[in-house]
Structures are given as C-alpha cells and as structure tokens.
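Secondary and tertiary structure notes
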Amino acid sequence: MADQVPPQRLAALADAPRIAELMRASVVELFPRFYGERETASAVAYIAHLDLTLIEDGTYFVHEADGEIIACGGWSRRGKLYTGSGPGDDDLRLIDPATEPARVRAMFVRADWTRRGLGRAILESCRRAAQAEGFGSLALLATLPGVPLYRSFGFRETERRAILMPDGVEIEGVMMTRGVEP
C-alpha cells in the first residue's frame, strides 16, 4: 500500500554514514524554502551533523524503504538540546525526568518522503519511550521546516530564538514543548 509507513527500528552505529547522508540531503532540499542561502549552507555544515550519543543511548530511530534510510530522529535523556552551536559543558549530563523535559533531537526526513507520517511515527516512539522512563514532558528547538510537524503533534511554541552557528550565521529557531500524555 502506497500510504503505509515503512518500518521503523532503532538506529545502529553501522547506520551512521547513511544517516549523515540523509541529514545533509534533507537540509539541502528543505531549508531553502525557509532560509536564505547563507543559513542553508551553515545548517548543512553544523545542523546536519549526527550526534552518535543518540545512537549509543538507544534513543534514535530510523525508517527504511528499499534499503535506504528515509527518515531519522530521536530523543535524549541528556542535557544537549540540539546540534549546531558546538559542544557545551552540559551536553552529556543526564537530565532529571522529575523536573526536566526529555529532548527531541535530530529529526530529518528525505524531501520526497515528507508528509507521509514518518516524522509523526518517530515523535510517537519518542513520546512513548520518554514517558516509560518517567519524563513528564518533551522539549525541542525546531528549525522552521519542522515547526508544522511539531505543532500538529501537539507541541506549543514557547519562544523564538536565533541559533548562532560556529561560523557566525544565525538561524531562526523555535523552542517548543508538550506533555508526554497521548
């Protein structure tokens, strides 16, 4: 069936090169609809960067079709909110599920597979897993291409902010949160 969501599984370290390739392709194809040339180029260099900790922690999911990874994303129980501005002192700290939200991280879909339920399926897996570990809410810093998906999944905008990339380029981002309840 054409509308069926391809299978989802946890990512493995061996998937890293294919995930990185998908991330870059997704930014190249989707960001120009929302950002200028400089912002897109900076995002390719700094946002389309795989954080292997997500895979190592068993919190990163992929969808495959015809042997290709077409969507990826996950969640984290660590302090890092997003990739892009370089490493931070708080990145590896385990966050407290009783007082802090789990982080939704690194969501990317191949352009020809957008709006087919893959992002929603990954968000649902993140929501269930974070809830099972005792988290009460989820937080993320969205780039503009992802905002419609996150809104449709029940995330609310809490703040707009400029994300400063290491090359000095600023990219508009949106802080969003939602509870883990269905």
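Rules used throughout
- Residues numbered from 1 in each chain as written.
- Predicted model: local features only at pLDDT ≥ 70, side-chain atom pairs only at ≥ 80, totals over all residues.
- Heavy atoms only, no water.
- Axes fitted to C-alpha atoms, helices over the stretch in contact; angles between N-to-C directions.
- Helix = DSSP H or I, 4+ residues; strand = E, 2+ residues; numbered from the N terminus.
- Parallel < 35°, antiparallel > 145°, perpendicular 65-115°, else oblique.
- Contact = heavy atoms within 4.5 Å.
- Nonpolar A, V, L, I, M, F, W, Y, C, P; charged D, E, K, R; others polar.
- Expected span 1.5 Å × (residues − 1).
- Buried < 20%, exposed > 50% of the residue type's maximum accessible area, 1.4 Å probe, protein only.
- Pairing = 2+ DSSP bridges.
- Salt bridge = Lys/Arg side-chain N within 4 Å of Asp/Glu carboxyl O.

1. Comments concerning the packing of helix 1 (residues 16-30) against helix 2 (residues 37-46)
In contact at an axis separation of 9 Å, helix 1 and helix 2 are set at 170° when each is read in the N-to-C sense. Taken together, the axes of helix 1 and helix 2 are roughly antiparallel relative to one another. On helix 2, the residues that touch R24, V27 and V28 of helix 1 are T40, A43 and V44. The residue inventory of the contact of helix 1 with helix 2, partitioned by class, reads four nonpolar, one polar and one charged.

2. Description of helix 4 (residues 118-132)
An ideal rise of 1.5 Å per residue puts 21 Å on 15 residues; helix 4 measures up with 21 Å between its terminal C-alpha atoms. When we look at burial in helix 4, the residues that qualify are L118, G119, I122, L123, S125, C126, R127 and A130. Within two residues after helix 4, G134 carries a phi angle of roughly 95°, on the positive side.

3. Observations regarding the pairing of strand 7 (residues 170-179)
The two faces of the sheet receive side chains in turn, since in a regular strand these alternate between them. Of all 10 residues in strand 7, seven are buried; the element is thus mostly enclosed. Here strand 5 (residues 137-143) pairs with strand 7 via seven bridges, running antiparallel. Residue A139 lies in a different strand from strand 7, and its bridge partner there is T177. Sheet analysis places strand 6 (residues 156-164) next to strand 7, joined by eight bridges and oriented antiparallel. Among the inter-strand pairings, L164 is bridged to a residue of strand 7, identified as E170. Between the end of strand 6 and the start of strand 7, which pair antiparallel, lie five residues, with G168 showing a positive phi angle near 90°.

4. A word on unusual backbone geometry
The backbone of A106 sits at a positive phi, close to 50°, despite the residue not being glycine. With respect to the helices and strands, A106 occurs in strand 4 (residues 102-109).

5. Brief notes about the pattern of salt bridges
This structure, assessed with the given rule, holds 16 salt bridges. A salt bridge links R77 to E133; the nearest nitrogen and oxygen atoms lie 2.5 Å apart. Here R77, found in the loop between strand 3 (68-76) and strand 4, pairs with E133, found in the loop between helix 4 and strand 5; they are 56 residues apart in sequence, far enough to count as distant. Taking the relative accessible area as the measure of exposure, E133 reaches 36% and is therefore partly exposed. Salt bridges here are not isolated pairs; linked through shared partners, they connect R9, D15, R18 and E64.

Purely geometric stuff here, so don't read any function into it on its own.
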